[in-house]
Amino acid sequence: AVLPATRQQQGSTAMGDLEASQKIKAAGGSYYETMPISIDHLNLTRSSNENNTFDSRRKPPRLALYCGVTLILCVSITFILLAATHARVVKLKRGASDEKTDIDQSLSAYQALKYGLNKKQTISDVGCEGTVLIMRHCEGATHTKGHCSYLGFERANYIASLFGNTTEERWPVPAFLYATRKERIGVEHYVFREVDTLTPLSNKIGIPIGHETYGETGVNLADKIHSDLLAGEMCGKLAVVAWKHDYIPLLAENLGCGPLDGCPMYYDPADFDTVWQLKFVYDTPGNIHDRSKPGWLIYASLVEEEFDPFRWSKISGDYPQGGKETGGTWNEMGNLARV
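**As for the overall build of the protein**
Turning to step 1, where the next piece is worked out: Along the protein, the regular secondary structure elements total nine helices and six strands.
Turning to step 2, where the next piece is worked out: For the protein, buried positions account for 34% of its 339 residues.
Turning to step 3, where the next piece is worked out: Residue pairs at least 24 apart in sequence account for 73% of intrachain contacts in the protein once pairs closer than 6 positions are excluded.
Turning to step 4, where the next piece is worked out: Accessible surface, the protein as shown: approximately 21,000 Å² in total, 57% of it carbon and sulfur.

Take a look at the structure:
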C-alpha cells in the first residue's frame, strides 16, 4: 500500500513527472504510455472530480432559471395584451360595419322617399298626415298548414279589438288593409297567416284585405301607398299591414324608412308583438335647401300590441264563474270585446 503523500512530496512528484515527460518527448515517446500513474496522482484527480461534481449540485445556474421565468412571464403578458387588442379591433370593426350598414340602408330608404314621393307631383295640402301600421302575422304551427294556430287566431281577434272610432279603442278604424299574398318564394304550399291576422278586423269594419298582388319585398305595396299619399287619399287616414317578419324591414325601406328614421334593419323571429308605426307628413321642412318648398317627411316609432292570451280569454268570456265546457268565445262573430 502506498501511504498518502504530503504537499511537499506531491510537489516533488509533479516536478519529477514534468522532467520525465520532457525527456520522453525529446526521445519521440509518450509520457502517458511509458510512465505509470502513481496512486497519489489518482487520488488527487478523483478528489478534484468529486469536488467539481459536488459544487455543480450545490450551486445550480440561478441566473438561467431567473431568465427563463422572466421570459415566460413576458411572453404571457404579451399574448394577453395582443388578445385584448385583437378583440377590441374586431369589436370596432364590427361596430363600424354595423354603422356603415345602417347608413347604407338609410340612404336607400331616403332614395325611396325621394323618388317615390318628393320627386313626384303631389296634390296633397301642406300638413297632410297619414299613418301606416306594420305588424307581424299571427303565430302558426306545423299542423296548421299555413294558417294561424289557436293562439294565433286569439291574437287576430285581440288585434281587431284595438281599432274603433271611440276613445276606448287604441287606434282609429283603418281605411286600408293589406297583407302578403298567399304565394311565397320557395314555399310549395299557400300561406294564409297574414290574411288570417286581419280577417277579424276586416269582418268588424267591413273593409276588404288587399293581398293578391303584394309580394314579400313590398315594392308594389310601397308604390300603392305612395300613390295614395300623393293623391291625398291617405290624409288623416290609417293603413294597417300584416306582413312576414323577415321582410318588414325591407317593406319599411321601400316606403322610405331606414334605421336613422326609426325603422330597424331586423325583426326578431321570436317577436309577434311589436308594431311599426310610420307617420308620413307633407310639410315645409322636407327640403333642407329650400324651406319654402314642402316635402314628405317620415317618422317611425315601435310600439307593442300588449297581447295577453289569458286576459283576452277572460274578457272574451272563456272563464265565467263556474267554468265553461268550451273556449274560443272570441271566435264568435260580433264578439269583439273592448280592452
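Now, onward.
**Some thoughts on the sheet that holds strand β6 (residues 295–304)**
Turning to step 1, where the next piece is worked out: Pairing is mixed across the open sheet formed by six strands, whose spatial order is β3-β2-β4-β1-β5-β6. Either end of the sheet is taken by a strand with one partner, and the two such strands are β3 (209–210) and β6.
Turning to step 2, where the next piece is worked out: When strand β5 (residues 274–283) meets β6, the two strands line up antiparallel, connected through 10 bridges. Note that in β6 the partner of Asp-283 across the bridge is Gly-295.
Turning to step 3, where the next piece is worked out: Lying over the sheet, helix α7 (residues 219–230) contacts β1 (129–136), β2 (176–179), β4 (238–243), β5 and β6, oriented at roughly 165° with respect to β2.
Turning to step 4, where the next piece is worked out: Its contacts with the sheet place helix α8 (residues 248–255) against β1, β4, β5 and β6, and it is angled at close to 0° to β5.

**With respect to unusual backbone geometry**
Turning to step 1, where the next piece is worked out: Positive phi, normally seen in glycine, also occurs at Lys-145, with a value near 55°.
Turning to step 2, where the next piece is worked out: Its place among the elements puts Lys-145 in the loop between β1 and α5 (150–161).
Turning to step 3, where the next piece is worked out: Positive phi values are uncommon outside glycine, yet Glu-306 reaches one of about 65°.
Turning to step 4, where the next piece is worked out: By secondary structure assignment, the location of Glu-306 is in the loop between β6 and α9 (309–316).

**Topic: the state of the cysteines**
Turning to step 1, where the next piece is worked out: Counted according to the given criterion, the structure contains three disulfides.
Turning to step 2, where the next piece is worked out: Across the disulfide, Cys-138 is cross-linked to Cys-148 (sulfur-sulfur distance 1.6 Å). Across the S-S bond of Cys-138 and Cys-148 the torsion is about -75°, and the bridge reads as left-handed. Of the two residues, Cys-138 is situated in the loop between β1 and α5 and Cys-148 in the loop between β1 and α5; the sequence distance between them amounts to 10 residues.
Turning to step 3, where the next piece is worked out: Here Cys-257 engages in a disulfide with Cys-263; their sulfurs sit 1.9 Å apart. In this structure the cystine formed by Cys-257 and Cys-263 twists about its S-S bond by roughly 95°; its chirality is therefore right-handed.
Turning to step 4, where the next piece is worked out: With relative accessibility at 1%, the residue Cys-257 sits in the buried group.
Turning to step 5, where the next piece is worked out: Taking only the cysteines that form disulfides and numbering them from first to last, the protein has the pattern 1-4, 2-3, 5-6.

**Here's the deal with the packing of α5 against α9**
Turning to step 1, where the next piece is worked out: Between α5 and α9, the least distance of the axes is 10 Å, while the angle of their chain directions is 65°. Of the possible angle classes, the one that applies to α5 and α9 is roughly perpendicular. As for how α5 packs across α9, the hand of that crossing is left-handed. Along the contact surface, α5 presents Leu-151, Glu-154, Asn-157, Tyr-158 and Ser-161, while α9 presents Pro-309, Trp-312 and Ser-313.

**Overview of the nonpolar core**
Turning to step 1, where the next piece is worked out: In this structure, Val-132, Ile-134, Leu-278, Phe-280 and Trp-296 are the most contacted members of the largest nonpolar core, which totals 30 residues.
Turning to step 2, where the next piece is worked out: Listing elements by their share of this core, those giving two or more residues are α4 (62–118), β1, β2, α7, β4, α8, β5 and β6.
Turning to step 3, where the next piece is worked out: The greatest single-element share of this core, amounting to five residues, is contributed by α7.
Turning to step 4, where the next piece is worked out: In this structure, Ile-159, Phe-163, Val-240 and Phe-307 belong to the second largest nonpolar core, which totals 22 residues.

**Regarding the pattern of salt bridges**
Turning to step 1, where the next piece is worked out: According to the stated counting rule, one finds six salt bridges in the structure shown.
Turning to step 2, where the next piece is worked out: Of the charged contacts, one joins Arg-155 and Asp-273 as a salt bridge, the two residues approaching to 3.0 Å between their closest N and O atoms. Remark: Asp-273 occurs in the loop between α8 and β5 and Arg-155 occurs in helix α5; sequence separation between them is 118 residues.
Turning to step 3, where the next piece is worked out: On the basis of relative accessibility, which here comes to 5%, the residue Arg-155 falls in the buried class.
Turning to step 4, where the next piece is worked out: Close ionic contact of Asp-246 with Lys-244 constitutes a salt bridge, the shortest N to O distance being 3.3 Å.
Turning to step 5, where the next piece is worked out: Using a relative accessible area of 46% as the deciding quantity, one classes Asp-246 as partly exposed.
Turning to step 6, where the next piece is worked out: Note on Lys-244: relative accessible area 25%, which makes it partly exposed.
Turning to step 7, where the next piece is worked out: Three or more residues are tied together by salt bridges with common partners; here these are Glu-139, Arg-155, Asp-273 and Glu-305.

Cut-offs used in this document
- Numbers given to residues run from 1 along each chain, matching the order in which its sequence is written.
- At least 70 in pLDDT is required for a residue's local features to be given in this predicted model, at least 80 for side-chain atom pairs to be given and counted, and no such filter applies to totals for whole chains, interfaces and linings, which use all residues.
- Excluded from the side-chain calculations are hydrogens and water; all other atoms, namely the structure's heavy atoms, are used.
- Numbering of helices and strands runs from the N terminus; a helix is a DSSP stretch of H or I covering at least four residues, while a strand is a stretch of E covering at least two.
- Each residue's exposure class comes from its accessible area (1.4 Å probe, protein chains only) as a fraction of the maximum for that residue type: buried when under 20%, exposed when over 50%, partly exposed otherwise.
- Should any heavy atoms of two residues lie within 4.5 Å, those residues are counted as being in contact.
- Accessible surface area values rest on a Shrake-Rupley calculation with a 1.4 Å probe, where residue burial reflects the displayed protein chains alone.
- Here, a strand pair is defined by DSSP locating no fewer than two bridges between the strands.
- Between the N-to-C directions of two axes lies an angle of 0 to 180 degrees, each axis being a line fitted to C-alpha atoms and, for a helix, fitted only over the stretch in contact.
- In this description, the term disulfide denotes a pair of cysteine sulfurs within 2.5 Å.
- Working definition: roughly parallel below 35 degrees, roughly antiparallel above 145 degrees, roughly perpendicular at 65 to 115 degrees, and oblique for all remaining angles.
- Crossings are sorted by hand: turned counterclockwise from the far helix by less than a right angle, the near helix makes the crossing left-handed, and turned clockwise it makes it right-handed.
- What makes a nonpolar core is a set of buried Ala, Val, Leu, Ile, Met, Phe, Trp, Tyr and Cys residues whose side-chain atoms join them at distances within 4.5 Å.
- Should a side-chain nitrogen of Lys or Arg be within 4 Å of a carboxyl oxygen of Asp or Glu, the pair is scored as a salt bridge.

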